[in-house]
Each structure stands twice: as C-alpha cells, then as structure tokens.
Amino acid sequence: MSRRARPVRRRRTLASAVIDTRGLTKFFGPVHAVEGLDLEVRRGEVFGYLGPNGAGKTTTIRLLLDFIRPTAGEARVLGGSGADPEVRRRIGYLPGDLKLDARYTSDELFSFYGALRGNVDRSYRDELVERFELDPTRKIGELSSGNRRKVGIVQAFLHKPELLVLDEPTSGLDPLLQREFQQLVHERATDGATVFLSSHVLHEVDEMADRVAILRKGRLVKLASIHQLRQQARQHIDLHFEGKANAEPFARVPEVIEAHARGNSVHLVVEGSVERVLRTAARLHAHRIVSPEADLEDVFLAFYQDDEL
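Parameters and conventions
Residues numbered from 1 in each chain as written. Predicted model: local features only at pLDDT ≥ 70, side-chain atom pairs only at ≥ 80, totals over all residues. Heavy atoms only, no water. Axes fitted to C-alpha atoms, helices over the stretch in contact; angles between N-to-C directions. Helix = DSSP H or I, 4+ residues; strand = E, 2+ residues; numbered from the N terminus. Parallel < 35°, antiparallel > 145°, perpendicular 65-115°, else oblique. Left-handed = near helix turned anticlockwise from the far one by under 90°. Contact = heavy atoms within 4.5 Å. Pairing = 2+ DSSP bridges. Salt bridge = Lys/Arg side-chain N within 4 Å of Asp/Glu carboxyl O. Buried < 20%, exposed > 50% of the residue type's maximum accessible area, 1.4 Å probe, protein only. Core = buried A, V, L, I, M, F, W, Y, C linked by side-chain atoms within 4.5 Å.

Caption draft 1: Local environment of the packing of helix α3 (residues 106–117) against helix α5 (residues 145–157). Running from N to C, α3 and α5 point in directions that differ by 25°, and their axes come no closer than 10 Å. With respect to α5, the axis of α3 lies roughly parallel. Helix-helix and strand crossings are classified by hand; for α3 and α5 the assignment is right-handed. Contacts between α3 and α5 involve Ser106, Phe110, Tyr113 and Arg117 from the former and Val151, Val154, Gln155 and Ala156 from the latter.

Caption draft 2: Structural detail: the sheet that holds strand β7 (residues 194–198). The sheet built from six strands is open, its strands ordered β5-β6-β7-β3-β8-β9 with mixed pairing. Because the sheet does not close on itself, it has two edges, and the strands there are β5 (91–94) and β9 (219–225). In this sheet, neighbouring strand axes are inclined to one another by 15° on average, regardless of whether the strands run parallel or antiparallel. Bridge analysis of strand β3 (residues 46–50) against strand β8 (residues 211–216) gives four bridges, and the strand direction is parallel. The partner of Gly48 across the bridge, within β8, is Val212. Against the sheet, helix α1 (residues 57–64) contacts β3, β5, β6 (163–167), β7 and β8, and its axis sits at roughly 145° relative to β7.

Caption draft 3: Focus on the pattern of salt bridges. In the structure shown here, the tally under the stated rule is 23 salt bridges. Two residues, Arg188 and Asp191, come together in a salt bridge whose shortest N-O distance is 3.1 Å. For Arg188, a relative accessible area of 7% puts it in the buried group. Look at Asp191 and you get exposed, because its relative accessible area is 56%. Sharing partners across several salt bridges, the network here consists of Asp107, Arg122, Arg125 and Asp126.

Caption draft 4: Geometry of the sheet that holds strand β12 (residues 265–271). Read across the sheet, four strands follow the order β11-β12-β10-β13 without closing on themselves; strand pairing throughout is antiparallel. Strand pairing shows two members of the sheet lacking a second neighbour, β11 (256–262) and β13 (288–290), which therefore form its edges. Neighbour to neighbour, the strand axes of the sheet diverge by 20° on average, direction disregarded. With six bridges connecting them, β11 and β12 associate as antiparallel partners. Bridging across to β12, His260 finds its partner in His267.

Caption draft 5: Here's a closer look at the side chain of Ser198. In this fold, Ser198 is placed in strand β7. Other than its neighbours up to four places away in sequence, Ser198 contacts Tyr49, Lys57, Ile61, Leu166, Asp167, Glu168 and Pro169.

Caption draft 6: View of the nonpolar core. Counting residues in hydrophobic clusters, the biggest one holds 45 residues, and the most contacted among them are Phe157 and Leu166. Contact partners of Leu166, with chain neighbours within four places excluded, come to Leu94, Ala156, Phe157, Phe181, Val185, Val195, Phe196, Leu197 and Ser198. Val18, Leu37, Leu63 and Tyr93 belong to the second-largest nonpolar core, a separate cluster that totals 24 residues.

Nothing here speaks to function; it is all geometry.
Written as structure tokens, this is what we have:
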C-alpha cells in the first residue's frame, strides 16, 4: 500500500484525558454491545477506534455523548458529561448514519449549528465550504450522499471544537476529498484539538492516528501507538546482490517467515526485529536493501479475525 508523507505536526503535550471511561458497559438484552471498557484519550491526539461491524464502536460513541445510558460503568468527556450543553458546544460530532433535514440548504444548517455552538468564524466556515466543493445554496434533499457527507464534515469542524468525534467520516467521499479531510484533521490536531476517529478505512487510520484501540465483540482487545503496531507488522524486504542470490541463509533466521530467491535478489517477509536479517545481509555483501514502510493492515485484521480473542 503506497503512503504519502504526513504533514509535519508540532510536538504536543498529551496530558489530561479528554475522554475517560471506566468499566463502561452497555447490554441490549442478551447482546453485550460494550463490556468493561476502560479507555483514556489524551488531549491533542488523533485516536483511532477500530473494529469489525457490530464490535460496539457506534454504541461507544452514543454512550460518550449520552445519547444512550450505560448498563454499568461511567464515561467522562472534557471533564464532564456528554449530556451537558456546555460540554456539547465544545464537541464536533459526525455520526455514521448522518440524517439532515432535506428542506434546508447547507448554508441554513451551518447558521443553525453555528448559533447553537457560538463563536463561529464566518471566514473559516466559508473556507471549509470551498475546500469541500459545496454549493451552500442547494437544499440538502438535492444533494448526493457524498455531498451530504461533506455537509456533515463541515458542520462538525466549523466551530473549531476541542473534541471531534467522527464516525466513518469519509464514507462516500472520492479519494481527493478523503485526502482533503485527512489534511483538515492534521490541521486541527496541530492546533491542539483531540480527534476520536472511528473508521473502517484502515490505511486512513494508519496515516492519521497517534494511537489506536481495537474493539471486538464489545471488548477492548488492543490499545497501542501506531509506532508500537508498526514494530509488530510484517516487513517486506528485497535484498540485491552482485551475483546469483541464495535465500537459504535468510530462511534460517528465526524472524524470517518467507524467503525467496530470484536472480540476483532475495525477497523476505520478516516478523519482528530485522536486526539478524541485516547482519546476514552484511555478511553476504548485499549491495542494496529495499523495504517499503510496514503495512499495518495485517496487524489490524489479525485482531478482527482471531477467534481466540
């Protein structure tokens, strides 16, 4: 999977928790949607929230925003309750099942949301409308699903909230606008906002998130930084030699799970540290090493698919 360089972000102090859950649990009859969730999202980070369909991601978001009440446990958002109107004004929310009143134009909706939240910079609002190529005079009912999604993104960001809670935000967007959205998230994070990002687009989370939590069957199965996950990811390495290559010495390295020679090159798949691979390559006088950045999809999917979890 190809990757582009991330925009440079200033170093941030990730101190107090913006989202803090303790034993958060929600049962719908026999269905355990979320169970015993302990989660802390730090101020200023982009936090990826992942899991297969039905894992409990949207239920978690609804609990955080007090749309539904927990069966047990508690959740604090921005130091208070998601039910508090003063807390709500500091949050930008984009639901996965976005519903907008078809009778209004996007401009009318932005004015309505702006009045609820207060302190909306009109020039910033206009900038977002232009960036996402919206015609603010058209009624919502006339818009495609992709354009309605863009309206949802703008309304979430327009008041520059302290916390953004985004559920499948780029669903229906074309690749160029997905990239525009990612840039916007980086900008807000650089300015100190916290982003709670629930997404099925794994490479999107890989590119944007500082840390990720992976949920499966309502339970947290992994919490780690992207850097930590990348260390666990399988590396694909191509080694080039002056003469005919031999894969056998590399196949004996414990971390190598695949080794194939072709002509003057050896292709390796490595799980774990590459230190012994590099020592072997140096001993055999490899003159060129090519390794793309580790792909995290295999790591993510292992947590999705492992029935032992």
